[in-house]
Amino acid sequence: MKKGITKKIDRACLICCGQTRVAHLGIDVCRACSVFYRRAEKGNSYTCRSSTKQCPLGPDLSCKRCRFDHIDRLLKQAKPAAQNYENGTNLDAPETACESFQHSSPTTSSTRTELPILERLTIHYRTMSRERLNSELHARPNPPHPMEISLETGPFYPATFATLTMSNQILLTALLDFGTGVFPEFGELEKTEKWDICVNMFYRFRIFEGCYRASLIFPGDLDRAFGGFTTWFSPNGMENFYSDAPTGDKAGAQEHMRHSSLRMHEIRSARELIQRVNPCHDEFLVVIALMFWSVGDIPLREEATQLGERYRQSVMKELHAFYKETMGLDDYATRLGELLMFLPTFERTHDMKEHFEM
């Protein structure tokens, strides 16, 4: 190595904890965060998802308002040193995003209740999302370049019969790994029990997640929802949905499309509910954990049923601690009630199965 030249090393993005070797914007933020900031800088009207304007830094930061504000604040604080970072002459990285999260929380790390399930949910949901993202995009006839792929920006496409069928298969496989990662004892259940739980989870999860993610990525279009991780559908764009259906199924597909188009209008009511409650990412994760163990009438052994009940109670305890210690809320009964309303709203698994299963 030549004298005077410092080797670039991996550093944690100060916003999302992602790895970066380049000091985008003159500070240690990754490319995705820098692209987001430049686009938002041109004119954003974001509102804080938690109404606190203090959403914590880290990989689970989903609030665009706070993401923008965090970057903007860092830029103002680090402006004198920006050129040094850009030129690579000052590589003494500032405080990491994870450390900033600890310092900015209402409760200090030494007294904060541990949230192991929520932490595993954060990690394994992100892992599952990346698995689905890459699998779906690289299965397309003309996949995008790897450098063009992002959890935040896709790219995303209108859903078709073939892409939705493929994404269903990918999601079911990913849910099995997700369940074992978040709930270790799940991996020890009998095969039929694991499969039945994942299939039961599949129908409620995909419409809830599809509407939740659409509220983040397509906030202005309440008629749109994700069908797969990278594909969306809308009652106004169903005419090409069956364009790649098997030739022998064309007639039946067209008849099914006529009925499906009527049911698709229920997307708006689901989107409006999510928009009204406006759950933060941690609340979204809690809901999908409760959905996972909402086993209903599935024939499970007593051992599996009791396991699900224990996890539901543990998740609720962590949610209470999250509201009190992370969000700094004392009176959150109304908020909790709104969040739990998602469960019966997206509980209609039989209707969803009839609508989505082809």
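Since we're looking at a predicted model, the values are computed, not measured. Here, residues in each chain are numbered from 1, in the same order as that chain's written sequence. It should be noted that, the model being predicted, local features are given only for residues of pLDDT at least 70 and side-chain atom pairs only at 80 or more, the latter also being counted only at that level, while totals for whole chains, interfaces and linings use all residues. Excluded from the side-chain calculations are hydrogens and water; all other atoms, namely the structure's heavy atoms, are used.

S.K.: I'd love a proper account of the sheet that holds strand β5 (residues 231-233), names of residues and values included.
M.R.: Two pairing modes exist for strands in a sheet, parallel and antiparallel, and in both the strands are linked by backbone hydrogen bonds. If you trace the three strands from one edge of the open sheet to the other, you get β3-β5-β4, paired in mixed fashion. A single partner strand is all that each edge strand has here, and the edge strands are β3 (157-158) and β4 (225-226). Strand pairing is defined by DSSP finding a minimum of two bridges between the two strands. A run of H or I in DSSP counts as a helix once it spans at least four residues, and a run of E counts as a strand once it spans at least two, with each numbered from the N terminus.

S.K.: Run through the nonpolar core, naming residues and quoting values.
M.R.: Throughout this description, the term nonpolar core refers to a set of buried Ala, Val, Leu, Ile, Met, Phe, Trp, Tyr and Cys residues connected via side-chain atoms within 4.5 Å. Note on exposure labels: buried denotes an accessible area under 20% of the residue type's maximum, exposed denotes more than 50%, and partly exposed covers the range between, all computed with a 1.4 Å probe on protein chains only. Among the nonpolar cores identified, the biggest contains 68 residues, and F183, F208, I288 and F342 are the most heavily contacted of them. Of all the secondary-structure elements, those providing two or more residues to this core are α5 (116-138), α6 (161-182), α7 (191-217), α9 (266-277), α10 (281-292), α11 (302-326), α12 (333-340) and α13 (342-345). Contact partners of I288, with chain neighbours within four places excluded, come to Y125, F178, M201, F205 and F208. Should any heavy atoms of two residues lie within 4.5 Å, those residues are considered in contact.

S.K.: Outline unusual backbone geometry, listing residues and values.
M.R.: P155 follows G154 through a cis peptide bond whose omega is 15°. Structurally, P155 can be placed in the loop between α5 and β3. Even without being a glycine, C17 presents a positive backbone phi close to 75°. Looking at where C17 falls in the secondary structure, it is placed in the loop between β1 (11-12) and β2 (19-20). We note that N278 has phi near 55°; this positive angle belongs to a residue other than glycine.

S.K.: Report on the packing of α5 against α10, specifying residues and quantitative values.
M.R.: Only the stretch in contact is used when a helix axis is fitted, and all axes are lines through C-alpha atoms; the angle between N-to-C directions ranges over 0 to 180 degrees. Put simply, α5 and α10 touch, their axes get as near as 10 Å, and they point 95° apart. By the angle between their axes, α5 is roughly perpendicular relative to α10. Residue-level contacts link L118, L121, T122 and Y125 of α5 to H281, D282, F284, L285, V286, I288 and A289 of α10. Its residues assigned to classes, the contact of α5 with α10 comprises eight nonpolar, two polar and one charged. An angle below 35 degrees is treated as roughly parallel, one above 145 as roughly antiparallel, one from 65 to 115 as roughly perpendicular, and anything else as oblique. In this classification, the charged set is Asp, Glu, Lys and Arg, the nonpolar set is Ala, Val, Leu, Ile, Met, Phe, Trp, Tyr, Cys and Pro, and all remaining amino acids, among them Gly, are polar.

S.K.: Tell me about the packing of aromatic side chains, and name the residues and values.
M.R.: Aromatic pairing here means that ring centres of Phe, Tyr or Trp (its six-membered ring) are within 6.5 Å. Orientation follows from the plane angle: under 30 degrees is stacked, over 60 is edge-to-face, and everything else is tilted. Overall, the coordinates contain 21 aromatic pairs when judged by the stated rule. On the numbers, 6.0 Å between centres and 50° between planes, the contact of F322 with Y323 is tilted. An aromatic cluster of at least three residues, connected via ring pairs, comprises Y125, F208, Y212, F284, F342 and F346. Above the face of the F226 ring, R213 is positioned so that its terminal group lies 4.1 Å from the ring centre. Residue placement shows R224 over the ring face of F218; its charged tip is 4.3 Å from the ring centre. Placement of a positive charge over a ring is assigned whenever Lys NZ or Arg CZ falls within 6 Å of the ring centre and within 35 degrees of the normal to the ring plane.

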